[in-house]
Amino acid sequence: MLSAGGGVAQFIVLALSPAIARLYSPEAFGVFAIYAALASLLAVVATGQYEKVLMLPRYHRQGACLLLFVILLCPVVALILGLPLVIFRSSLAALIGEPRLALYLWALPLSVMLIGWYQVLRFWAIRRVAFADVAFNAVTRATTGAVLACLMGIWPPFPGAPEGGLIFSQILGEGLGNVLLAWRIQRRDPTLLAWPGWRRLLATARRWRALALSYAAGQGIAQCYGRLPVLAIGWLFGPSVAGLYAWAERFMGLPSLVEVAIGDVYRQRATVEYHRNGRFDWLMRRTFLATTVLAVAPYAVGIALAPTLFALLFGPVWREAGQITQILLVGGFFAFIITPIDKAILILQRTRYILGWHLARLVLKVGAVGATALLALSLATFLWLIVLARIGLYI
């Protein structure tokens, strides 16, 4: 069910992408990507990564306390983190090298809060085996965001700054997705979500705090790893090249919708198996085989034809984004087949391994950025450095 929802969401984004590509320039996508990177980084802190431990309590009532705690935590942390960025938005935009970003940083706390809420609501729905709700929500968010991006590309909310359409279509899509998912959860679990009282709420949060914070360290490093390239490319090669990379990464993210859906189902089933039998190795082997068979053909076609397809579908200006995609797909193949089963580490609570692995990835990518800056390497060389580092760590 999750895979089906992810597939439909992919199709919607893909179907509207030719129109979106002709409404927005690579530079506009560069500004949008930098904004989205900042929001994602701050969202890691906003939730405290309590959503990652939401699957672990044996009783649903304890899980519900964690859900309510994160819902209350997100707006507070988002405001605390976002307020300095709003106040000093012009200085931050100048430091990043894109002054137009200052127009939108005032909306950053709202984006951070919505991203955090969606993560914890989604994990709760998965815990309750409400896969249909998660799939429906993925389709709704994809449709809303893509349609609004088209409309705001035709009628820009900020004339002379078209990237505003991308930013606000994302905010509105996240907002609608949160409202609908929260409504479905409240209808299904009204008793579990009854207010437990501050004492019980905080006691449950303290019970899982150490594990959640250990995940937060690992996830924070992972987000830095994931968002560093677009920030580095914007700084090293300019916002237009960052936009080309962002457009390529947009399509790299399409397989990840299926990858995440498979991983979510695997996490739920593996957790049940672990509680029952103390092991789930048979499920790991079966999932690995399934993801490998599923990935071979589409990734091979993508690597061979990406530049031609990008120029044909999105216009000649986006051909270079197809060349970037060719390189990224090599690393993406290994990520697709391995990422779903690496959830085993979370179930086994091997937090030191998670933190060390994420830290190694980040160090290698920072090294690639430093080498590119010091040696004036080309964009293609920089991309191959980070892809090879990614493959090495997965193997």
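Please read all numbers here as calculations on a predicted model, not as lab measurements. (Residues numbered from 1 in each chain as written. Predicted model: local features only at pLDDT ≥ 70, side-chain atom pairs only at ≥ 80, totals over all residues. Heavy atoms only, no water.)

## A short note on the packing of aromatic side chains
We apply this condition: In this analysis, rings of Phe, Tyr and Trp, with Trp reduced to its six-membered ring, are considered paired at centre separations within 6.5 Å, and the interplanar angle assigns stacked below 30 degrees, edge-to-face beyond 60, and tilted for intermediate values. Helix and strand assignments come from DSSP, with helices taken as H or I runs of at least 4 residues and strands as E runs of at least 2, each series counted from the N terminus. The cut-offs for exposure are 20% and 50% of the maximum accessible area for each residue type, with area from a 1.4 Å probe on protein chains only; residues under the lower value are buried, those over the upper are exposed, and the others partly exposed. For a lysine, the NZ atom is tested; for an arginine, the CZ atom; a charge sits over a ring if that atom is within 6 Å of the ring centre and within 35 degrees of the ring normal.
Considering all chains together, one arrives at 16 aromatic pairs under this definition. Ring centres 5.1 Å apart and planes at 70 degrees place the aromatic pair Tyr 50 and Phe 69 in the edge-to-face group. Of this pair, Tyr 50 sits in the loop between α2 (26-47) and α3 (60-87) while Phe 69 is found in helix α3, placing the two residues 19 residues apart along the sequence. When sorted by exposure, Tyr 50 lands in the same class as Phe 69, which is buried. On the basis of an interplanar angle of 70 degrees and a centroid distance of 5.5 Å, the ring pair of Phe 251 and Phe 310 is categorised as edge-to-face. With Phe 251 in helix α10 (residues 239-277) and Phe 310 in helix α11 (residues 281-314), this residue pair connects regions lying 59 residues apart in the sequence. Phe 310 carries the same exposure label as Phe 251, and that label is buried. Each residue in the set Tyr 24, Phe 29, Trp 247, Phe 251, Phe 310, Phe 314 and Trp 318 is aromatic and connected to the rest through ring pairs, giving one cluster. Above the ring of Tyr 118, the side-chain terminus of Arg 141 is found at 3.8 Å from the ring centroid. Looking at Lys 365, its charged tip hangs above the ring of Tyr 225, at a distance of 3.5 Å from the centre.

## Quick word on the side chain of Ser 111
Short version of the rule: In this description, contact between two residues means that some pair of their heavy atoms is separated by no more than 4.5 Å.
Positionally, Ser 111 belongs in helix α5 (residues 108-127). Here Ser 111 is in contact with Tyr 35, Ala 39 and Ile 171, once residues within four sequence places are set aside.

## Comments concerning α5
Rules: Expected helix span is computed as 1.5 Å times (number of residues minus one).
Under the 1.5 Å per step criterion, the end-to-end length of α5 is 29 Å for 20 residues, consistent within 8% with the ideal 28 Å. With 17 of 20 residues buried, α5 lies mostly within the body of the structure. Phi for Val 129, located one or two positions after α5, is positive at around 55 degrees.

## Brief notes about unusual backbone geometry
Here the phi dihedral of Gln 49 falls at roughly 60 degrees; this positive angle occurs in a residue that is not glycine. What makes Gln 49 buried here is its relative accessible area of 2%. Even without glycine at this site, Val 129 takes up a positive phi of about 55 degrees. Following the sequence through the fold, Val 129 ends up in the loop between α5 and α6 (131-154). What makes Val 129 partly exposed here is its relative accessible area of 46%.

## As for the environment of Trp 155
Secondary-structure assignment places Trp 155 in the loop between α6 and α7 (163-188). According to the relative accessible area criterion, Trp 155 is exposed, its value standing at 62%.

## Some points on the packing of α3 against helix α8 (residues 198-207)
Spelled out, the test is: Comment: axis = line fitted to C-alpha atoms, over the contacting stretch for helices; angle = value between 0 and 180 degrees taken between N-to-C directions. Small angles under 35 degrees read as roughly parallel and large ones over 145 as roughly antiparallel, with 65 to 115 read as roughly perpendicular and the rest as oblique. Classes in brief: Ala, Val, Leu, Ile, Met, Phe, Trp, Tyr, Cys and Pro nonpolar; Asp, Glu, Lys and Arg charged; the others, Gly included, polar.
Where α3 meets α8, the axes come as close as 9 Å, and the angle between the chain directions of the two elements is 95 degrees. By the angle between their axes, α3 is roughly perpendicular relative to α8. Across the interface between the two elements, Arg 61, Gln 62, Cys 65, Leu 66, Leu 68, Phe 69 and Leu 72 from α3 touch Trp 198, Arg 200, Leu 201, Leu 202, Thr 204 and Ala 205 from α8. Taken together, the residues of the contact of α3 with α8 sort by class into nine nonpolar, two polar and two charged.

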